[in-house]
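Structural overview
So the chains spell out like this:
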Amino acid sequence: MTNSLRRDILEQMASVFRAIDTVDGAGDPTEWPLKFSAVHHGPLDDSDHRQAYALGIVPQPEEYGHLYPYITRTLQVGIEYRITINRGDEVPALAAERVLEVVERAVLQNTTWGGLAIDTQLVGNDTDLTNYADRTVFGVLVCRVQYRHGQRDPRDPSPSFGA
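Since this is a predicted model, take the numbers as computed values, not measurements.

Cut-offs and rules
- Residues numbered from 1 in each chain as written.
- Predicted model: local features only at pLDDT ≥ 70, side-chain atom pairs only at ≥ 80, totals over all residues.
- Heavy atoms only, no water.
- Pairing = 2+ DSSP bridges.
- Helix = DSSP H or I, 4+ residues; strand = E, 2+ residues; numbered from the N terminus.
- Axes fitted to C-alpha atoms, helices over the stretch in contact; angles between N-to-C directions.
- Contact = heavy atoms within 4.5 Å.
- Phe/Tyr/Trp six-rings, centres within 6.5 Å; stacked < 30°, edge-to-face > 60°.
- Buried < 20%, exposed > 50% of the residue type's maximum accessible area, 1.4 Å probe, protein only.

A look at the sheet that holds strand S1 (residues 38-41)
Pairing within the open sheet is mixed, and its five strands lie in the order S1-S2-S3-S5-S4. Among the strands making up the open sheet, the edge pair consists of S1 and strand S4 (119-128). Here the strands of the sheet are splayed against their neighbours by 20° on average, with no regard to which way each runs. In the sheet, strand S3 (residues 70-84) pairs with strand S5 (residues 136-150) via 15 bridges, with the strands oriented antiparallel. Counted as the bridge partner of Ile79 is Leu141 from S5. Most of the contacts of helix H1 (residues 5-19) go to strand S2 (residues 53-67), to which it runs at about 150°, and overall it touches S1, S2, S3 and S5.

Things to note about the packing of aromatic side chains
If you walk through the whole model with that rule in mind, you get one aromatic pair. Seen from their ring centres, Phe17 and Phe36 are 6.2 Å apart, and the 85° between their planes marks the pair as edge-to-face. Highlighted residues: Phe17 in helix H1 and Phe36 in the loop between H1 and S1, separated in sequence by 19 residues. Each member of the pair, Phe17 together with Phe36, is buried.

Examining the pairing of S2
The two faces of the sheet receive side chains in turn, since in a regular strand these alternate between them. Across four bridges, S1 lies against S2 in parallel orientation. Its bridge partner being in S2, His41 is matched across the sheet by Ile57. Strand direction decides the pairing type here: S2 and S3, joined by 13 bridges, are antiparallel. Along S3, the bridge assignment pairs Gly65 with Thr72. The turn joining S2 and S3, which pair antiparallel and follow one another in sequence, is formed by two residues.

The values are spatial; any link to function lies outside them.
Structure follows, in structure tokens:
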């Protein structure tokens, strides 16, 4: 069964974040400074505190527009991350900066999500850090994904006139 374009984009986003690793298939170092222990569809929960780096892809409000034969859509997505700081790790505030950098780079390198979207823009970010000794850091990067599909089917990325 074919999925909606929205679902395919969200699944592609998860695939991109799951593919981030500090080593490639041959065991050679990559340019990525970390690997996400868990990547989820939906908000993170308490069980993610056991993971060094956890990420959740959270769809937020979406706007529709009509441009025959398309329905244009702007989906806001929150990319949540949670970091568990262990003994010997860098300080929490700097760890949060590193994760935010990785998430931003991943989005900026994949603005069409494999050709499924028209564009993706960064909207804003927030980090939840109480003090310099926190052992858990939360953050979110919010982006807007623009895409379009046919007037009659949210699975059809290429509608034709008169169809």
